[in-house]
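Here's the letter readout for the chains.
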Amino acid sequence: MKRVAVFASGSGSNFQSIADAISSGRTPHLSLCGLIASKPGIQAMERAQLLDLPAVSIVKSDFSDDVEFGKALLEQVGDWDTDIIALAGFLVKLPPSFIAQFPGIIVNIHPSLLPKFGGYGFYGQKVHAAVLEAGETITGCTVHLVDEGYDTGKILAQKTLLIHPGETVVELAARVLKAEHELYPEVLERLARE
Ligand code: GAR
């Protein structure tokens, strides 16, 4: 059984999808050990409370530098005996010193078919707006390992969707998010079995 810590900055619907997969028995090798929020008061923290899971906010700007921020993250995931770190809409760049401690076990989900529409500034609805603007016919989501770049680590899995003619950003975002909720628990379970 692998213990997953989720890092989030927003609504936490991917966090919820992992919790739901665990409670439904679909991911027998996973358990959740806690949530780290990039700021207090986000919806993901409320979800953690309802799930009776530990949740803490660790705010980058509260630290003098990246090294101190990394130490605080390290201490928390260490306290929880974390095996896998799952970024789920976590919009803060992790310190390289932190990433170096966990080779191959920090993963992220991104709402496009990377390497397309990834990198600095590509998050949330901005991604879908750019996909539609570019006239793409397919899109999807990607789970990848986290390295020091933005959305550049090794791709573990992708789910592809056909874009409907005339589809709006809001409609596309909702369909991609649904695909994320299916893909992320599956990939984490696979990682946990390895
Ligand atoms: C998700 O769509 C995730 O792929 C995206 O943020 C959303 C978080 O939603 N992440 C990125 O864009 C990272 N570059 P959630 O808080 O409801 O899980």
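Everything below is about the structure printed above this text.
Nothing here was measured: the structure is a model prediction, and the numbers come from that model. (Residues numbered from 1 in each chain as written. Predicted model: local features only at pLDDT ≥ 70, side-chain atom pairs only at ≥ 80, totals over all residues. Heavy atoms only, no water.)

## Looking at helix α1 (residues 13-23)
Thinking step 1. Of all 11 residues in α1, 8 are buried, a share of seventy percent or more.
Thinking step 2. For α1, every residue scored as buried is listed here: Ser13, Asn14, Phe15, Gln16, Ser17, Ile18, Ala19 and Ala21.
Thinking step 3. Where the residues of α1 are buried, they touch β1 (2-8), β2 (30-37), α2 (43-50), β5 (106-110) and α6 (169-193).
Thinking step 4. Gly25, located one to two residues past α1, shows a positive phi value of around 85°. (Buried < 20%, exposed > 50% of the residue type's maximum accessible area, 1.4 Å probe, protein only. Helix = DSSP H or I, 4+ residues; strand = E, 2+ residues; numbered from the N terminus. Contact = heavy atoms within 4.5 Å.)

## Looking at the site of the ligand
Thinking step 1. Around the ligand sit 13 residues, and of these Ser11, Gly12, Ser13, Asn14 and Glu180 come closest.
Thinking step 2. One of the side-chain nitrogen or oxygen atoms of Glu180 is found 2.7 Å away from an oxygen atom of the ligand.
Thinking step 3. For the ligand, whose free accessible area comes to 450 Å², the fraction covered by protein is 88%. (Near = heavy atom within 4 Å. Polar contact = N/O pair within 3.5 Å; in protein donor to acceptor, adjacent residues only side chain to side chain. Areas by Shrake-Rupley, 256 points an atom, 1.4 Å probe, with all protein chains shown as cover.)

## Some words on helix α5 (residues 125-133)
Thinking step 1. Of the residues making up α5, those classed as buried are Val127, His128 and Val131. Projected down its long axis, α5 shows its buried positions confined to an angular sector of 95°, all on one face.
Thinking step 2. Those residues of α5 that are buried are in contact with β5, β6 (138-145) and α6.
Thinking step 3. In the segment just after α5, Gly135 is the residue with positive phi, at about 70°. (Arc of directions from axis to C-beta.)

## With respect to the pattern of salt bridges
Thinking step 1. Enumeration over the complete set of coordinates arrives at 7 salt bridges.
Thinking step 2. A salt bridge links Lys71 to Glu68; the shortest N-O distance between them is 3.2 Å. With a gap of 3 residues between them, Lys71 and Glu68 both fall in helix α3 (residues 66-79), about one helical turn apart.
Thinking step 3. Since its relative accessible area comes to 31%, Glu68 is described here as partly exposed. (Salt bridge = Lys/Arg side-chain N within 4 Å of Asp/Glu carboxyl O.)

## With respect to the sheet that holds strand β4 (residues 84-87)
Thinking step 1. Taken in spatial order, the 7 strands of this open sheet run β3-β2-β1-β4-β5-β6-β7, and their pairing is mixed. Every other strand in the sheet has two partners, leaving β3 (55-57) and β7 (155-162) as the edge strands with one partner each. When strand polarity is set aside, the average angle formed by the axes of neighbouring strands in this sheet is 20°.
Thinking step 2. Lying over the sheet, α6 contacts β1, β2, β4, β5, β6 and β7, oriented at roughly 150° with respect to β7. (Pairing = 2+ DSSP bridges. Axes fitted to C-alpha atoms, helices over the stretch in contact; angles between N-to-C directions.)

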